[in-house]
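Take a look at the letters that make up each chain.
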Amino acid sequence: PKPTQSPIPMPSLSVTPQDPTIIDGGEPGQTYLFDLLAESIPPNVSEVRFEWAGLGTTGSTVASVVNGTAETTFDLSSVQSGPFEISTFVYAAGSTDELA
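About the cut-offs
Residues numbered from 1 in each chain as written. Predicted model: local features only at pLDDT ≥ 70, side-chain atom pairs only at ≥ 80, totals over all residues. Heavy atoms only, no water. Helix = DSSP H or I, 4+ residues; strand = E, 2+ residues; numbered from the N terminus. Rg over C-alpha atoms; globule rule 2.2 N^0.38 Å. Contact = heavy atoms within 4.5 Å. Areas by Shrake-Rupley, 256 points an atom, 1.4 Å probe, with all protein chains shown as cover. Pairing = 2+ DSSP bridges. Axes fitted to C-alpha atoms, helices over the stretch in contact; angles between N-to-C directions. Core = buried A, V, L, I, M, F, W, Y, C linked by side-chain atoms within 4.5 Å. Buried < 20%, exposed > 50% of the residue type's maximum accessible area, 1.4 Å probe, protein only. Phe/Tyr/Trp six-rings, centres within 6.5 Å; stacked < 30°, edge-to-face > 60°.

J.: Would you mind going over the overall build of the chain with me for this structure?
T.: Assigned secondary structure in the chain consists of zero helices and six strands. Listed N to C, the secondary structure of the chain is β-β-β-β-β-β in terms of helices and strands. The C-alpha radius of gyration of the chain comes to 16 Å, more than 25% above the 13 Å expected for a compact globule of 100 residues. The C-alpha extent of the chain, read off along each of the three principal axes, is 60 × 30 × 20 Å. In the chain, once contacts between residues fewer than 6 apart in sequence are set aside, the share between residues at least 24 apart is 60%. When the accessible surface of the chain is totalled, it reaches about 6500 Å², and 50% of it is carbon and sulfur.

Rendered as structure tokens:
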């Protein structure tokens, strides 16, 4: 029988608020920090571009990949009370190919 190969893991992107109370909704005038962590990035990718959008703000930054992982932190300021949505993406730097 042929030896089986482990499946190549798909890249993933997680968003973690540094202040877990934000899960219940933001407060006006408060700035909240969020950590982005991309994992299982293919070995041929040396840099990624993180993008985010939420609360009427967008942003992006480039980060180096180390051992298949890249991370960054970004902030958003709440303009109203209550829940809100954040969209996040990670791309190979210099590319429009979304990794996760």
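J.: How should the sheet that holds strand β1 (residues 12–17) be read in this particular structure?
T.: Strand pairing in a sheet relies on backbone hydrogen bonds, with the paired strands running either antiparallel or parallel. Read from one edge of the open sheet, three strands run β1-β2-β5, paired in antiparallel fashion. At either end of the open sheet lies a strand with only one pairing partner, and these are β1 and β5 (70–77). In this sheet, neighbouring strand axes are inclined to one another by 25° on average, regardless of whether the strands run parallel or antiparallel. Taken together, the eight bridges between strand β2 (residues 31–39) and β5 define a ladder with antiparallel strand orientation. Of the residues in β5, the one forming a bridge with alanine 38 is alanine 70.

J.: What's the story with the nonpolar core in this structure? I'm lost.
T.: When a protein is soluble and globular, its nonpolar side chains tend to lie buried together. Counting 18 residues, the largest nonpolar core has Ile41, Val45, Val48, Phe50 and Ala70 as its most contacted members. Broken down by element, this core gets its largest block of residues, four residues, from β2. Other than its neighbours up to four places away in sequence, phenylalanine 50 contacts Leu13, Leu36, Ala38, Gly59, Ser60, Thr61, Ala63, Ala70, Glu71, Thr72, Phe89 and Val90.

J.: Hey, could you run me through the sheet that holds strand β3 (residues 47–54) in this one?
T.: Spatial strand order, β4-β3-β6: three strands in an open sheet with antiparallel pairing. Two strands in the sheet have a free side with no partner beyond their single neighbour: β4 (57–64) and β6 (86–92). Across the sheet, the mean angle separating the axes of adjacent strands is 15° when strand polarity is ignored. Both β3 and β4 contribute to a ladder of eight bridges, which runs antiparallel. What sits directly across from alanine 53, in β4, is threonine 58.

J.: Would you take a moment to explain the packing of aromatic side chains for this structure?
T.: Aromatic ring pairs are described here by two measures, namely the spacing of the ring centres and the angle between the planes. Considering all chains together, one arrives at three aromatic pairs under this definition. Between phenylalanine 89 and tyrosine 91 the ring centres are 6.4 Å apart and the planes differ by 35°, which places this aromatic pair in the tilted class. Given the relative accessible area of 30%, phenylalanine 89 is considered partly exposed. Put simply, the rings of Phe34, Trp52 and Phe74 pair up and form one aromatic cluster.

By themselves these figures say nothing about function.
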